[in-house]
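Structural overview for review
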Amino acid sequence: MTGAPDGNDRAYQPLIDQFAYFNVPGWWDDTCGGEIDVTVEMEDGTLLSTRSGVTAPGDEGTRDASRGGWVVTAPPKYAPDMYHVVTIKDRVFEAFQDFDPTLKGPTEFWRDIYPILSRAVNYGWVSAEAGGVTPENRNLAHGPKQAGNLLSQANLDKFKDPSDASKAVRTQIYKIMRKADPGDTGKEFPTLRDTLPPPPPESAQPPATASRSARGNKMPKLWGTAGKPLQNQQLGNDFPNQYLSLTANDLMHMSDWAEGNFEVASTPDGGPPPPVPLADIPIADQPLAMDCAAVEPTIGGGFHPGIEFPYLICYREKFEGPFRVKADITPGSVAAFMSSPWQGDYWSCNTAWWPVQRPDIVFKYHGSESPRTYCEWFRGFDQDGNPLSSTDGYNQMVYAWPKLGIVLPLRDETGAVVTENGSIVFEEFERDPSLNTNPVTGQTVVCDDDMH
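Residues numbered from 1 in each chain as written. Predicted model: local features only at pLDDT ≥ 70, side-chain atom pairs only at ≥ 80, totals over all residues. Heavy atoms only, no water.

Residue position: His84 is located in the loop between strand E6 (69–73) and helix H1 (88–95). Taking C-alpha positions, His84 is 8.6 Å from Tyr123, a pair spaced 39 residues apart along the chain. Once residues within four sequence positions are removed from consideration, His84 is found in contact with Arg119, Tyr123, Leu222, Leu244, Thr298, Ile299, Gly300, Gly301, Trp353, Trp354 and Val356. A polar contact is formed between the side chain of His84 and the backbone oxygen of Gly301, at a distance of 2.6 Å. (Helix = DSSP H or I, 4+ residues; strand = E, 2+ residues; numbered from the N terminus. Contact = heavy atoms within 4.5 Å. Polar contact = N/O pair within 3.5 Å; in protein donor to acceptor, adjacent residues only side chain to side chain.)

Spelled out as structure tokens, the structure:
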């Protein structure tokens, strides 16, 4: 192909051109999305419908965006028990802050703060940086024996203490949390939307330039919506949000927590309260609970372009209300911003993008007294004996994706989840052994020891 999207007359290679997002003509193994509605006839003849104008069985009615559902299909989630530090649920409530139930009262530690801390610790089982196995992050990360293990009992005791005795520790954690770039808004708690262009497709304007330099020393240490800093440096771009930031809502809670303005729900064992069964939630609140449950395991950034949903989730203008896609959005238009095929994005995003969806590395646990063993998640050999990622990782991902391992909590002989120093132990399971041995030479995969 010739004629690149930027107008330059040069060869355009969709598999490697970073403006293409692997949008390859002819591929059908793609993400997709569209509306879903239901009409139910009760035994007494009463009709309940998510559509308007349904008065008799068989009536088609018209779509009611405030009541109807929307289904988005997405690539596999290879660490299903882990949540990303910023989810689609978080992005929805950042766009609709007036609907966020957690902002209607005081900050609560287990509900508003603990999830951020625990998700960061879980990254220590799927990310080299968070696990502390890279030299520059050793003894500074979230592994169970790392200084950044936020779930150790000593740390939790301080984090749950609202008194001034623990304020220095809480403040230190808060100060290293990354805020979104505010652009020209001057907001204390900016949102990602503040530096995005007008809603697509009406505008094709690029993102605003950065009002301050990217802050790689902040947390989370994950890439953001504007892409990797090295990529932007090579292109001469100075876009904001090259690193992922917490949402404005989460930062408000973190600020309250740092100042000691928070509550701690009391439980018999001093730990987090158990989840409330759906049946015990008031009926009027159950739809919101189900909406939240459906989108909490998702990725809310960086949107480059994303996994389940692109950066459109940041635009309140595109939605009828929280979790309700606007009436004039056509089926497929949301997924049109995603990578096609999804395997291309999964292959290229192998470092610091979405480790709980697509692990960077995985561990084998040998007990608290022995070092963990770790390997690259996308490792092994293809059907021709080539090491994965060595020649054509794009096509190799198409071959390997159903054979790759799933990261799950490790359980003991009683079925209980194994923990170390407050951290859940995660291991790789269900990996196809055919990936481990070179079918031509017999060479096998070798993993490394984590000495900490």
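Further remarks concern helix H8 (residues 286–295). For H8, every residue scored as buried is listed here: Gln286, Asp291, Cys292 and Val295. Taken together, the buried residues of H8 touch H1 and strand E10 (324–325). (Buried < 20%, exposed > 50% of the residue type's maximum accessible area, 1.4 Å probe, protein only.)

By the element assignment, Asp37 lies in the loop between strand E1 (32–36) and strand E2 (39–41). A C-alpha to C-alpha distance of 7.6 Å links Asp37 and Ser49, two positions 12 residues apart in sequence. Leaving out residues up to four positions away in the same chain, Asp37 has contacts with Thr50, Arg51, Arg63 and Gly68. A polar contact is formed between the side chain of Asp37 and the side chain of Thr50, at a distance of 2.7 Å. A distance of 2.9 Å separates polar atoms of two side chains, one belonging to Asp37 and the other to Arg51.

Moving on, we get to unusual backbone geometry. A cis amide bond links Met219 to the next residue, Pro220, at an omega of 0°. Among the structural elements, Pro220 can be located in the loop between helix H5 (167–175) and helix H6 (229–235). Despite not being glycine, Phe323 shows a phi value in the positive range, around 65°. Following the sequence through the fold, Phe323 ends up in the loop between strand E9 (319–321) and E10. Overall, Phe323 belongs to the buried group, its relative accessible area being 16%. The backbone of Asn421 sits at a positive phi, close to 55°, despite the residue not being glycine. Structurally, Asn421 is set in the loop between strand E14 (419–420) and strand E15 (423–424).

Our next topic: the side chain of Gln286. Within the fold, Gln286 resides in helix H8. Judged by its relative accessible area of 17%, Gln286 falls in the buried class. Engagement of the side chain of Gln286 in a polar contact is seen with the backbone oxygen of Leu278, the distance being 3.2 Å. Every residue in contact with Gln286, bar those within four places of it in the chain, is listed here: Leu278, Ala279 and Ile281.

Before going further, it helps to spend a moment on the confidence of the model for the protein chain. Put simply, the protein chain has an average pLDDT of 86, and 88% of its residues get 70 or more. At the level of individual helices and strands, the protein chain shows its lowest average pLDDT in strand E17 (residues 448–450), which scores 68, and its highest in strand E13 (residues 406–409), which scores 98. Low pLDDT (under 50) marks residues 1–7, which in the prediction has 13 contacts with non-local residues, meaning those over four places away or in another chain. Overall, residues 9–19 carries pLDDT values under 50, and its contacts beyond four positions in sequence, including any with other chains, amount to 24 contacts. (pLDDT = per-residue confidence, 0-100.)

This part takes up helix H2 (residues 109–122). The end-to-end C-alpha distance of H2, which contains 14 residues, comes to 18 Å, matching closely the 20 Å that a straight helix rising 1.5 Å per residue would cover. Along its length, H2 reaches its greatest deviation from straightness, about 30°, at Pro115. Burial of H2 is extensive: 13 of the 14 residues sit out of reach of the surface. The N-capping residue of H2, defined by a side-chain oxygen 2.9 Å from the backbone nitrogen of Trp110, is Glu108. (Expected span 1.5 Å × (residues − 1). Bend = angle between axes of the 7 residues up to and from the residue.)

As a further point, take the packing of H1 against H8. Relative orientation of the contacting elements H1 and H8 amounts to 125°, with a least axis distance of 7 Å. With respect to H8, the axis of H1 lies oblique. Residues Ile88, Lys89 and Phe93 of H1 form the contact with H8, whose own contacting residues are Leu288, Cys292 and Val295. For the contact of H1 with H8, the residue count by class is five nonpolar, no polar and one charged. (Axes fitted to C-alpha atoms, helices over the stretch in contact; angles between N-to-C directions. Parallel < 35°, antiparallel > 145°, perpendicular 65-115°, else oblique. Nonpolar A, V, L, I, M, F, W, Y, C, P; charged D, E, K, R; others polar.)

Attention now moves to the packing of aromatic side chains. Counted according to the given criterion, the structure contains 18 aromatic pairs. With a centroid separation of 6.4 Å and an interplanar angle of 45°, the aromatic rings of Phe109 and Phe262 are classed as tilted. Within this pair, whereas Phe109 is found in helix H2, its partner Phe262 is found in strand E8 (residues 262–263), the two being separated by 153 residues in sequence. Pairing Trp223 with Tyr243 gives two aromatic rings, centres 5.4 Å apart and planes at 45°, and the pair type is tilted. In this pair, Trp223 sits in the loop between H5 and H6 while Tyr243 sits in the loop between H6 and helix H7 (248–259), placing the two residues 20 residues apart along the sequence. Tyr243 sits in the buried class, given a relative accessible area of 16%. Within the aromatic cluster, the residues linked to one another by ring pairs are Tyr78, Trp342, Tyr346, Trp377 and Trp401. The ring of Trp125 carries the charged tip of Arg372 above its face, separated from the ring centre by 4.6 Å. (Phe/Tyr/Trp six-rings, centres within 6.5 Å; stacked < 30°, edge-to-face > 60°. Lys NZ or Arg CZ within 6 Å of the ring centre and 35° of its normal.)

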